[in-house]
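# Chain and residue survey
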Amino acid sequence: MPETSVAHFYDELADDYHLIYSDWDASIRRQGDALDALIGQDRAAVLDCSCGIGTQAIGLALRGHRVTGTDLSPRATARAAREAALRNLSLRTVAADMRHLPFPDGQFDTVVCADNSLPHLLTEQDVRAALTEMRRVLRPAGLLLLSTRPYDDLLRDRPASTPPQVHRVADDGERTVTFQLWHWHDDGEHYDLEHFQLLPEDGEWRVQVCRTTYWALGQDRLAALAAEAGFVDLGWRMPQETGFFQPLLAARAGK
């Protein structure tokens, strides 16, 4: 799969990504509140290194943090900046690869990498490179918050699809439908994903399909790679504990 494919996937989705959520603004607030509670300090300097259209970054800015957002997709980062401005928030964004972050050492109190973004990297070398960069831009003992799908469970079942998510447009009551098909590779760890959005158009349905590939990284393996990259005090925090919608790996930048 070409290196540009992940950026292309999210460029294609940028205009309609909010339709993944039944209520995007409610998700922004809920995720921001959950991450803010884990950060545990006021006005932290936060890097969201996979900010997409701003779900977590805007949520944290609403809580008063000084947030910078990066993402591989230029269209997604541009939309994140626009959405923040519409809410009278300051959010600096730049298109960047998490394996090559364009910041000096020790610039941030917290790095967030949420919503299953890291598993777009398909090899240990690339995952380790990204984690090493996150460690580099953190201040000593700075906090990493990284979330993935619950892959320990998913690796047991290897599902072929996700349930449909319905988004209702408040103004006119029209609905959009989002679901995914997963095609597992022979290695049992990687899978190709087809992301379907059914969009109403002139009384019919218009189907939009975007494709990408993920690596289903189990929790122990990901934690081990983070330790190799220089993180300490690693621990997984589950949704029932944090209120965040995915399992979160919390860790500190080692000396």
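A short tour of the structure in this document, coming up. Source: prediction; values computed, not measured. (Residues numbered from 1 in each chain as written. Predicted model: local features only at pLDDT ≥ 70, side-chain atom pairs only at ≥ 80, totals over all residues. Heavy atoms only, no water.)

### Considerations on the nonpolar core
Considering soluble globular proteins, one finds that nonpolar side chains tend to be buried as a cluster. Defined as follows: Among buried residues, those of type Ala, Val, Leu, Ile, Met, Phe, Trp, Tyr and Cys that are joined through side-chain atoms within 4.5 Å constitute a nonpolar core. The buried label goes to any residue with under 20% of its type's maximum accessible area, the exposed label to any with over 50%, and the partly exposed label to all in between, with areas taken from a 1.4 Å probe on protein chains only. For helices the rule is a DSSP run of H or I covering at least 4 residues; for strands it is a run of E covering at least 2, with both sets numbered from the N terminus onward. Contacts: residue pairs with any heavy atoms within 4.5 Å of one another.
In terms of nonpolar packing, the biggest core is built from 42 residues, with Leu 145 and Tyr 191 touching the most fellow members. For this core, the element with the highest residue contribution is helix α2 (residues 24-39), accounting for 6 residues. Each residue touching Leu 145, except ones within four places of it in the same chain, is listed here: Leu 35, Leu 38, Ile 39, Thr 110, Val 111, Val 112, Cys 113, Leu 248, Leu 249 and Ala 250. Of all hydrophobic cores here, the second largest spans 31 residues; its members include Cys 49, Phe 108, Leu 222 and Leu 249.

### Brief notes about the packing of α2 against helix α3 (residues 55-62)
Selection rule: Geometry is summarised by axes, namely lines fitted to C-alpha atoms with helices restricted to the contacting stretch, and by angles between N-to-C directions that run from 0 to 180 degrees. Here the word oblique covers every angle except those under 35 degrees (roughly parallel), over 145 (roughly antiparallel) and from 65 to 115 (roughly perpendicular). The sense of a crossing depends on the near helix, which, turned anticlockwise from the far helix by less than a right angle, makes the crossing left-handed and, turned clockwise, makes it right-handed.
Two elements in contact, α2 and α3, have axes separated by 7 Å at closest approach and are oriented at 65°. Considering their axes alone, α2 and α3 lie roughly perpendicular with respect to each other. As α2 runs across α3, the sense of the crossing is right-handed. Of α3, the residues touching α2 (which contributes Trp 24, Ile 28, Arg 29, Gln 31, Gly 32, Leu 35, Asp 36 and Ile 39) are Thr 55, Gln 56, Ile 58, Gly 59, Leu 60 and Leu 62.

### Concerning the packing of helix α5 (residues 124-137) against helix α7 (residues 219-228)
Using the following cut-off: Only Asp, Glu, Lys and Arg are considered charged, only Ala, Val, Leu, Ile, Met, Phe, Trp, Tyr, Cys and Pro nonpolar, and every remaining residue, Gly among them, polar.
Two elements in contact, α5 and α7, have axes whose closest approach is 9 Å; the angle formed by their N-to-C orientations is 55°. One way to sum up the angle between α5 and α7 is to call them oblique. The chirality of how α5 crosses α7 is right-handed. Here α5 contributes Glu 124, Val 127, Arg 128 and Leu 131 to the contact with α7, which in turn contributes Arg 221, Leu 222, Leu 225, Ala 226 and Glu 228. Here the residues of the contact of α5 with α7 are counted per class, giving 5 nonpolar, no polar and 4 charged.

### Overview of the sheet that holds strand β6 (residues 165-168)
Quick note on the threshold: For two strands to count as paired, DSSP must find a minimum of two bridges between them.
What the 4 strands build is an open sheet, ordered β6-β7-β8-β9; its pairing is antiparallel. The strands lining the two open edges of the sheet, one partner per strand, are β6 and β9 (204-215). Across the sheet, the mean angle separating the axes of adjacent strands is 20° when strand polarity is ignored. Judged from the 8 bridges that link them, strand β7 (residues 175-184) and strand β8 (residues 190-201) form a sheet pairing that is antiparallel. Bridge pairing in β8 links His 183 to Asp 192. Where helix α1 (residues 5-13) meets the sheet, it contacts β8 and β9, and its direction lies at approximately 155° from that of β9.

### Concerning unusual backbone geometry
One non-glycine residue, Asn 88, lies in the positive phi region at around 60°. For Asn 88, the location among the structural elements is in the loop between α4 (74-86) and β3 (92-95). Taking relative accessible area as the criterion, Asn 88 reaches 73% and is therefore assigned exposed. One non-glycine residue, Asn 116, adopts positive backbone phi at about 65°. With respect to the helices and strands, Asn 116 occurs in the loop between β4 (108-113) and α5.

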